[in-house]
Amino acid sequence: NAVEIAKQLGRRAILLTSDPVRSPGNSNIIIKPYVDHGSLFPHCAAIVHQGGAGSVARSLEAGKPQLIVPHATDQWDNANRVVRLGVGLELEARRFGVEAAVDRLRRILNDDAFVRTATDLAAKVRNEDGPAKAASTIEALLS
């Protein structure tokens, strides 16, 4: 599916998967078991992921729009927050298919509002020291 989605969009894609996937024989598609998100995401046009907190955070820091396909735990809540922030869209896993993914990716790639909002929010995220802020809030509550 992901290879076909990239082909239909006319985009290059890097697929991160630990599943043994046969190379599509297309130089525009790279399949890797792991690449550091902090290094990769700033070079992407958009990020498609499951909605884990780490993937959301790295996407926000990179200033890239997101398509989130939640599967478990807090991923639905994280997807909802990304949509409310205006930096991405959600696609339910049970509705995930080439046509639905291409439609949503075209929307976030072609609507300047998603890119602009993601870029603006990235500057705020990079300038905030989240751990220090959390620690001071907790200390204040315990005092």
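Values in this document were obtained by computation on a predicted structure and should not be read as measured data.

Describing the side chain of glutamine 66
Consideration 1: If you trace the backbone, glutamine 66 turns up in strand β4 (residues 66-68).
Consideration 2: Only 2.7 Å separates the side chain of glutamine 66 from the side chain of histidine 49, close enough to count as a polar contact.
Consideration 3: The residues contacting glutamine 66, other than those within four sequence positions of it, are Ile47, His49, Val56, Ser59, Leu60, Val82, Val87, Gly88, Leu89 and Ile108.

Describing helix α6 (residues 112-127)
Consideration 1: With 16 residues, α6 extends 23 Å between its outermost C-alpha atoms, agreeing within 8% with the 22 Å of an ideal straight helix rising 1.5 Å per residue.
Consideration 2: Where α6 is concerned, the buried positions are Phe114, Ala118, Leu121 and Ala122. The buried residues of α6 all sit within an arc of 120 degrees when viewed along its axis, so they share a single face. Away from its buried face by more than 90 degrees, α6 exposes Asp112, Lys124 and Asn127.

Brief notes about the nonpolar core
Consideration 1: Ranked by internal contacts, the top residues of the largest apolar core, which has 14 residues, are Ile5, Leu67, Leu91, Leu105 and Ile108.
Consideration 2: Looking at this core, the elements that each hand over two or more residues are α1 (2-9) and α5 (98-110).
Consideration 3: Top contributing element to this core by residue count: α5, with seven residues.
Consideration 4: The residues touching leucine 67, leaving out its near neighbours within four places in the chain, are Ile47, Val48, His49, Leu89, Glu90, Leu91, Ala101, Arg104, Leu105 and Ile108.
Consideration 5: With eight residues, the next largest nonpolar core counts Leu60, Val87, Ala118 and Leu121 among its residues.

Things to note about the sheet that holds β4
Consideration 1: One open sheet holds the three strands; their spatial order is β3-β4-β5, and the pairing between them is parallel. Each edge of the open sheet carries a strand with a single partner, namely β3 (47-49) and β5 (88-90). The sheet shows a mean angle of 15 degrees between the axes of neighbouring strands, direction not considered.
Consideration 2: Pairing of β3 with β4 involves three bridges; the strand directions are parallel. Bridging across to β4, histidine 49 finds its partner in isoleucine 68.

A closer look at α5
Three- or four-residue spacings in an α-helix give side chains the same orientation, since the helix completes a turn every 3.6 residues.
Consideration 1: With 13 residues, α5 ought to run about 18 Å at 1.5 Å a step, and its terminal C-alpha atoms sit 18 Å apart, in line with that.
Consideration 2: Those residues of α5 that sit buried are Val98, Ala100, Ala101, Val102, Leu105, Ile108 and Leu109.
Consideration 3: Looking at the packing, one finds that the buried side of α5 touches α1, β3, β4, β5 and α6.

Conventions and cut-offs
- Residues numbered from 1 in each chain as written.
- Predicted model: local features only at pLDDT ≥ 70, side-chain atom pairs only at ≥ 80, totals over all residues.
- Heavy atoms only, no water.
- Helix = DSSP H or I, 4+ residues; strand = E, 2+ residues; numbered from the N terminus.
- Polar contact = N/O pair within 3.5 Å; in protein donor to acceptor, adjacent residues only side chain to side chain.
- Contact = heavy atoms within 4.5 Å.
- Expected span 1.5 Å × (residues − 1).
- Buried < 20%, exposed > 50% of the residue type's maximum accessible area, 1.4 Å probe, protein only.
- Arc of directions from axis to C-beta.
- Core = buried A, V, L, I, M, F, W, Y, C linked by side-chain atoms within 4.5 Å.
- Pairing = 2+ DSSP bridges.
- Axes fitted to C-alpha atoms, helices over the stretch in contact; angles between N-to-C directions.

Purely geometric stuff here, so don't read any function into it on its own.
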